[in-house]
Amino acid sequence: MKVRSTWATAGVVALCSCGAHTSAVRDVGSGAAALEQDWWQRAVFYEIYPRSFSDSNGDGIGDLDGIVSKLDYLKELGVDAIWMTPCFPSPQVDFGYDVLDYENIDPMYGSLSDFDRLVSEANKRGIRTILDLVVNHTSDKHPWFVDSRSSRAAAHRDWYVWRDGKGPGALPNNWTSIFGGPAWTPDPATDQYYYHYFFPQQPDLNWRNPAVQNAMFDVTRWWYGRGVAGFRLDAVDALYEDPQLRDNPVLPGEDLSGAPRQEHKYQTKLPEVHDALRALRHVADESRAILIGETWTDSVSELREYYGVSRTEMQMPMDLMFTQLRFSAPALREHIAAVDGAGGWPVYVIGNHDVARARDRYGDGQHDLDIAKVMAALQLTLRGTPIMYYGEEIGMKTTDPVRREDVKDPIGRLAWPKFKGRDGERTPMQWDASHEAGFTSGVPWLPVAPDYQSLNAAVEGRDPDSILELYRRLIGIRRTHQALLDGTYTPLAEADPNVLSYLRVSGDDAVAVALNTSASPQDVDFDGLQRGYAFPETLLTTGGSALRGGRISLAPFGVWIAALRRTSSAN
Ligand code: TEU
Ligand code: CA
């Protein structure tokens, strides 16, 4: 049953007779005004989990040379910047998020000269390199911490958070680690406890200590000097803790370890975080570098704060709430309007290395691939910067370990079977149908997903209807339409429960997008081209969606994108 839904009409009625075809995208360079946008506002970012991307030496662990060998693939996909999760020397307790040397590369991933070559080869392809900086904590094997715990008088003692217990065997307070268990570990040698928001092997740095701040600023300068274009700042909300050590409020329910859940009120999101971010941004500005924030927030107003007063903090605080949205036109529409109206440049992510893969998370269990295609079209046509996660472009699924003994992520081992950890979203990239999906010539550190024979970049690269081809076309359209780069975002048909549609406008360039978030065909009246835009030139459609007689007929989970031109009567 076709449900009719009409875009609010306030414009000229003028339709071209163009059919549902994918026209050759116009080169936005012709006659378009030069954009004042910064590169990172136009760029498509791509998160790489190096351990799982491509293994060049057969040890089953992805590495830097493996990434270099896939730069042409990334270029062809249309990627402008790669964010690599940590490759610094690390005992790998938390797979690199426990750093023991901030100015080197762990031998399992390669060497500093391999890194330099990666940056150079990426730059040749117009791809910038962003690193993942673990600013909140180090490994307990970092020389700073080894010294800090050696004595109460150690030079680095105050680089970490040490406190006396409240009494024999009593912890300093009730704080727990987000990874389960107490956030305080006793250190008998100096008869104090040290604080860790994450694992005990990840002692928190004391950001109230100027020496810590300066050391971290110098780390960023060191990498800027090697051509890094910026950083994704890890767990920035956790940088500061309440100096009075006030107990957290206890919440109903249990945490990962089965202990009473807490509101980590005195361990995260303290206002001092913004002082540190302003300082880190000041250093970044010396090198015209950018800062991406791992900013898990509970509201858009909280997210807005990470841009900073007059944008003096991070350029790209990630909207991670987006990953938790229900896949429905009303839910998506409401959230997008709030983020788009928040005053900063939106940064939309649909997945990362910590959450179940987007295909499963937004999927309904029956149309997951179709829904993944709609999410791709949404993320790549919204106003803002998209950050993709490796494998999303080929529709990779979450593949959890089947037995506890197979679990690599310590959180999964701790919380099994309630929570199986994050291995499921970190399985090796599926390149082709050869041995281990072309990821390694050896034994992969995590099993390759069983669907790799058919779900892989090589097969999909030959299939015009694959999600990989859709990503390539979408990114191509995005790069060549000013409206999708710096254009405004105007929601259309805002009462429609099934179709999410909007208009992007930049000068005379306009693009209309209509996405069917339902399993039924939907019609959207195209009777009024918004605000004087007309002559739709179809850029991309899926499932046979098309403009027919003044209406957009959307297939189930159909996508329709068209370029419009301002009419002479436009206001
Ligand atoms: O995750 C951080 C993380 O989970 C916290 O940001 C938490 O969600 C937030 O503080 C809640 O307010 C990052 C990495 O992405 C993850 O892989 C690491 O395990 C973790 O930090 C520790 O470095
Ligand atoms: Ca901290």
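Note: the structure precedes this text.
Residues numbered from 1 in each chain as written. Chains lettered and ligands numbered in written order. Predicted model: local features only at pLDDT ≥ 70, side-chain atom pairs only at ≥ 80, totals over all residues. Heavy atoms only, no water.

**Examining the site of ligand 1**
Around ligand 1, a shell composed of 18 residues is seen, among which Asp94, Asp234, Asp237, Asp354 and Arg422 lie nearest. For ligand 1, an oxygen atom lies 2.5 Å from a polar atom in the side chain of Asp354. Between ligand 1 and Arg422 there is a distance of 2.9 Å, counted from an oxygen atom to a side-chain nitrogen or oxygen. In isolation ligand 1 offers 510 Å² of accessible surface; the protein chains occlude 90% of this area. Grouping the amino acids of the shell around ligand 1 by side-chain chemistry returns 7 nonpolar, 3 polar and 8 charged. (Near = heavy atom within 4 Å. Polar contact = N/O pair within 3.5 Å; in protein donor to acceptor, adjacent residues only side chain to side chain. Areas by Shrake-Rupley, 256 points an atom, 1.4 Å probe, with all protein chains shown as cover. Nonpolar A, V, L, I, M, F, W, Y, C, P; charged D, E, K, R; others polar.)

**Looking at the coordination of the calcium ion (ligand 2)**
Every protein donor of the calcium ion (ligand 2) is listed here as Asn136 (OD1), Asp204 (OD), Ala238 (O) and Glu241 (OE), and their distances to the metal cover 2.1 to 2.3 Å. All donor residues of the calcium ion (ligand 2) come from one chain, and their arrangement in sequence is N-x67-D-x33-A-x2-E. Taken together, the residues Asn136 in the loop between strand 4 (128-133) and helix 5 (143-148) and Asp204 in the loop between strand 7 (192-195) and helix 6 (210-224) connect sequence positions 68 residues apart. (Donors = N, O, S within 2.8 Å, 3.2 Å for Na, K, Ca; no water. Helix = DSSP H or I, 4+ residues; strand = E, 2+ residues; numbered from the N terminus.)

**What to know about the sheet that holds strand 2 (residues 45-48)**
The 8 strands are arranged 12-11-8-4-3-2-14-13 in an open sheet whose pairing can be described as parallel. Pairing within the sheet leaves two strands with one partner each, and these edge strands are strand 12 (316-317) and strand 13 (347-349). In terms of strand pairing, strand 11 (residues 290-293) meets strand 12 through 2 bridges, oriented parallel. When the sheet's bridge partners are listed, Ile292 is paired in strand 12 with Met316. (Pairing = 2+ DSSP bridges.)

**Quick word on the packing of helix 6 against helix 7 (residues 272-286)**
A packed helix pair is summarised by two numbers, namely the angle formed by the two axes and the spacing between the axes. Contact geometry for helix 6 and helix 7: axes closest at 10 Å, N-to-C directions at 25 degrees. The angle between helix 6 and helix 7 places the two elements in the roughly parallel class. In the crossing of helix 6 with helix 7, the sense of the turn from one axis to the other is right-handed. Contact with helix 6, carried on its side by Phe217, Thr220, Arg221 and Tyr224, involves Ala279, Leu280, Val283, Ala284 and Glu286 of helix 7 and no other residues of that element. Of the residues that constitute the contact of helix 6 with helix 7, the class distribution is 6 nonpolar, 1 polar and 2 charged. (Axes fitted to C-alpha atoms, helices over the stretch in contact; angles between N-to-C directions. Parallel < 35°, antiparallel > 145°, perpendicular 65-115°, else oblique. Left-handed = near helix turned anticlockwise from the far one by under 90°. Contact = heavy atoms within 4.5 Å.)

**Overview of the side chain of Asp451**
Within the fold, Asp451 resides in the loop between helix 12 (410-415) and helix 13 (457-461). Taking relative accessible area as the criterion, Asp451 reaches 18% and is therefore assigned buried. At a separation of 3.2 Å, a polar atom in the side chain of Asp451 contacts the side chain of Gln430. Sequence-distant contacts of Asp451, defined by excluding residues within four places in its chain, comprise Lys397 and Gln430. (Buried < 20%, exposed > 50% of the residue type's maximum accessible area, 1.4 Å probe, protein only.)

**Considering the nonpolar core**
Tyr46, Trp207 and Phe322 are the most contacted members of the largest nonpolar core, which totals 123 residues. When residues in this core are grouped by element, the largest group, 8 residues, is from helix 11 (residues 368-381). Among the nonpolar cores identified, the runner-up in size contains 17 residues, and Trp40, Trp83, Val347 and Val349 belong to it. (Core = buried A, V, L, I, M, F, W, Y, C linked by side-chain atoms within 4.5 Å.)

**Considering the sheet that holds strand 16 (residues 499-506)**
One open sheet accounts for 5 strands, arranged 15-16-17-22-19; its pairing is antiparallel. At either margin of the open sheet sits one strand with a lone partner, and together these are strand 15 (488-492) and strand 19 (533-541). Averaged over all pairs of adjacent strands, the angle between their axes in this sheet comes to 25 degrees, without regard to strand direction. Alignment of strand 19 against strand 22 (residues 559-566), held across 6 bridges, turns out to be antiparallel. Bridging across to strand 22, Glu537 finds its partner in Ala563. Contacting strand 19 and strand 22, helix 14 (residues 467-479) runs over the sheet at an angle of about 150 degrees to strand 19.

**With respect to the packing of aromatic side chains**
Here the structure, examined in full by the defined rule, presents 28 aromatic pairs. Residues Phe179 and Phe198 carry aromatic rings whose centres are separated by 5.1 Å and whose planes lie at 55 degrees to one another, so their mutual orientation is tilted. Residue Phe179 is found in the loop between strand 5 (162-163) and strand 6 (184-187), and its partner Phe198 is found in the loop between strand 7 and helix 6; the two are separated by 19 residues along the sequence. For the cation-ring pair, Lys70 lies above Trp431, with the distance from its terminal atom to the ring centre recorded as 4.1 Å. (Phe/Tyr/Trp six-rings, centres within 6.5 Å; stacked < 30°, edge-to-face > 60°. Lys NZ or Arg CZ within 6 Å of the ring centre and 35° of its normal.)

**Comments concerning the pattern of salt bridges**
Within this structure, the stated rule accounts for 33 salt bridges. A salt bridge links Arg117 to Asp65; the nearest nitrogen and oxygen atoms lie 2.5 Å apart. Of this pair, Arg117 sits in helix 4 (residues 112-124) while Asp65 sits in helix 2 (residues 64-68), placing them 52 residues apart in sequence. According to the relative accessible area criterion, Arg117 is partly exposed, its value standing at 36%. Note that Arg472 and Glu469 form a salt bridge whose closest N and O atoms lie 2.6 Å from each other. Pair noted here: Arg472 and Glu469 are both in helix 14, with a separation of 3 residues, about one helical turn. Residue Arg472 shares its accessibility class with Glu469, and that shared class is buried. (Salt bridge = Lys/Arg side-chain N within 4 Å of Asp/Glu carboxyl O.)

**What to know about the environment of Ala329**
Considering the arrangement of structural elements, one finds Ala329 in helix 9 (residues 329-340). Look at Ala329 and you get buried, because its relative accessible area is 0%. When the C-alpha positions of Ala329 and Arg361 are compared, they lie 16 Å apart, and in sequence the two are 32 residues distant. For Ala329, the contacting residues outside a window of four places in its chain are Asp496, Pro497, Asn498, Val499, Leu500 and Thr517.

**Some points on the side chain of Asp523**
Counting through the fold element by element, Asp523 comes out in strand 18 (residues 522-525). The class of Asp523 is buried, set by a relative accessible area of 2%. At a separation of 2.9 Å, a polar atom in the side chain of Asp523 contacts the side chain of Arg551. Among the polar contacts made by the side chain of Asp523, one reaches the side chain of Ser553 at a distance of 3.2 Å.

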